[in-house]
Amino acid sequence: MILNTGSRTDIPAFFHKWFLNRVSEGFVYSRNPYNDQIYKYTFSPKNVDCMCFCSKNPRPLAKHLDELSEYRQYWFLTINPYGRDIEVNVPSYKNVIKTFREISDNVGTNAIAWRYDPIFITDKYDLDFHIDRFEDIASRLNGYTHDCTISFIDLYQKVIRNFPEADEVTVEEQLVIGENFARIARENDIQIKTCLEGTLLDQFGCDSSGCMTQQVIEKAIGNNLKLPKGKYQNRECNCIFGRDIGAYNTCMHGCRYCYANSNMKLVKKNQKLHNMDSPLLIGDVKDSDVVKEINEPRYIDAQQKLF
């Protein structure tokens, strides 16, 4: 089983105590956001192929890495150079870099990647700003990771509502960013990846196969995976997202470009429903709830170690 903690919210930043309780008890409940079905996943180091963590502030959970040492891990950490006007409750990027390096020293450079996402252009955050800050961050991460995924802002209706001054990045601007970012990344032994952005930047040596592909997870855990065809794939890319145990409208970072939150009023309401002793991230299981147990197998090919 691939356990995904971060496509819907930031568990390492805001729910690390709850997560560690789930690890201790060996199971978790996850409510399907589209039909309210509850799934139960039983997990242990024996059947979890990889725990995937996506976060903008991994520090709270990173303090407890010793409690996760029996699990194979992959950390996908967003480090953007934006200020509090955009990422309201996110620590400064220099502080996140410090935690990134500590995690890398613990899990290894193959099991951690940098995400610079989303990229948008405003008067304050122009092309020169992005190129300058990207070079600063890349130089600080040199030797601590080999991968960086970049993406350009998607103007969903909720994003337009919460961030009206944001504009799409033009093709010309994407080309300038792609060429410069690829050059800077090469200088720091980092491969630029894109996800759901087409192949426009491949001409600069970027890899457009996706951010969390089977190959990425295999490199992180040092083993090949024998996944059934199409397993975990639910987007128009090659990424595999595993069993997501998060919940939408729960992340307190308050990023104005966020796709996972509708508004902060709803986020604060859901935060009040969080019980760190519940098997569910938000709320408790009701008598009327139907829980479906998912018996997820192990997919590691024990005969095919990568190194």
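Everything below is about the structure printed above this text.
Residues numbered from 1 in each chain as written. Predicted model: local features only at pLDDT ≥ 70, side-chain atom pairs only at ≥ 80, totals over all residues. Heavy atoms only, no water.

Engineer: Describe the overall build of the protein chain, listing the residues and the values that go with them.
Structural biologist: Secondary structure summary: the protein chain contains 9 helices and 12 strands in total. For the protein chain, whose C-alpha radius of gyration is 19 Å, the value lies close to the compact-globule estimate of 19 Å for 307 residues. The principal-axis extent of the C-alpha atoms belonging to the protein chain is close to 55 × 50 × 35 Å. The buried share among the 307 residues of the protein chain stands at 54%. (Helix = DSSP H or I, 4+ residues; strand = E, 2+ residues; numbered from the N terminus. Rg over C-alpha atoms; globule rule 2.2 N^0.38 Å. Buried < 20%, exposed > 50% of the residue type's maximum accessible area, 1.4 Å probe, protein only.)

Engineer: Which residues make up the layout of surface pockets, and what are the values?
Structural biologist: If a probe the size of a water molecule is rolled over the atoms, the empty space left behind becomes visible. Here the second largest pocket is characterised by a volume of approximately 460 Å³. Contributing to the lining of the second largest pocket are 22 residues, with Arg31, Asp36, Ala247, Asn270 and Ile282 lying nearest its centre. Examining the composition of the lining of the second largest pocket, we find that 3 residues originate from one element, strand β2 (residues 27-31), more than from any other. Its residues assigned to classes, the lining of the second largest pocket shows 9 nonpolar, 7 polar and 6 charged. (1 Å grid on protein atoms, 1.4 Å probe; cavity = no way out; pocket = protein on both sides within 12 Å on 5 of 7 lines; lining within 4 Å. Points joined across faces, edges and corners; volume = space filled by probe spheres on them. Nonpolar A, V, L, I, M, F, W, Y, C, P; charged D, E, K, R; others polar.)

Engineer: Give me the lowdown on the pattern of salt bridges, citing residues and values where you can.
Structural biologist: Following the criterion strictly, the structure yields 15 salt bridges and no others. Put simply, arginine 31 and aspartate 36 hold a salt bridge, and the shortest N to O gap is 3.3 Å. Note on aspartate 36: relative accessible area 48%, which makes it partly exposed. Salt bridges sharing common partners tie together Asp147, Lys193, Asp207 and Lys219. (Salt bridge = Lys/Arg side-chain N within 4 Å of Asp/Glu carboxyl O.)

Engineer: Would you mind going over the sheet that holds strand β7 (residues 147-152) in detail, with residue names and values included?
Structural biologist: Spatially, the 7 strands line up as an open sheet ordered β8-β7-β6-β5-β4-β1-β10, and their pairing is parallel. Each edge of the sheet is formed by a strand with only one pairing partner; in this case those strands are β8 (191-194) and β10 (243-244). Inspection of the sheet shows β7 paired to β8 by 4 bridges, in the parallel sense. When the sheet's bridge partners are listed, isoleucine 150 is paired in β8 with threonine 194. (Pairing = 2+ DSSP bridges.)

Engineer: Can you explain the packing of helix α5 (residues 127-141) against helix α7 (residues 171-187)? Please cite residues and give values.
Structural biologist: Taken N-terminus to C-terminus, the directions of α5 and α7 make an angle of 20°; their axes are 10 Å apart at the nearest point. Looking at the two axes, α5 sits roughly parallel to α7. Here α5 runs over α7; the crossing is right-handed. Contacts between α5 and α7 involve Leu127, His130, Ile131, Phe134, Glu135 and Ala138 on the former and, on the latter, Glu173, Val176, Ile177, Asn180, Phe181, Ile184, Ala185 and Glu187. Partitioned by chemical class, the residues of the contact of α5 with α7 number 9 nonpolar, 2 polar and 3 charged. (Axes fitted to C-alpha atoms, helices over the stretch in contact; angles between N-to-C directions. Parallel < 35°, antiparallel > 145°, perpendicular 65-115°, else oblique. Left-handed = near helix turned anticlockwise from the far one by under 90°. Contact = heavy atoms within 4.5 Å.)

On their own, these measurements won't tell you what the molecule is for.
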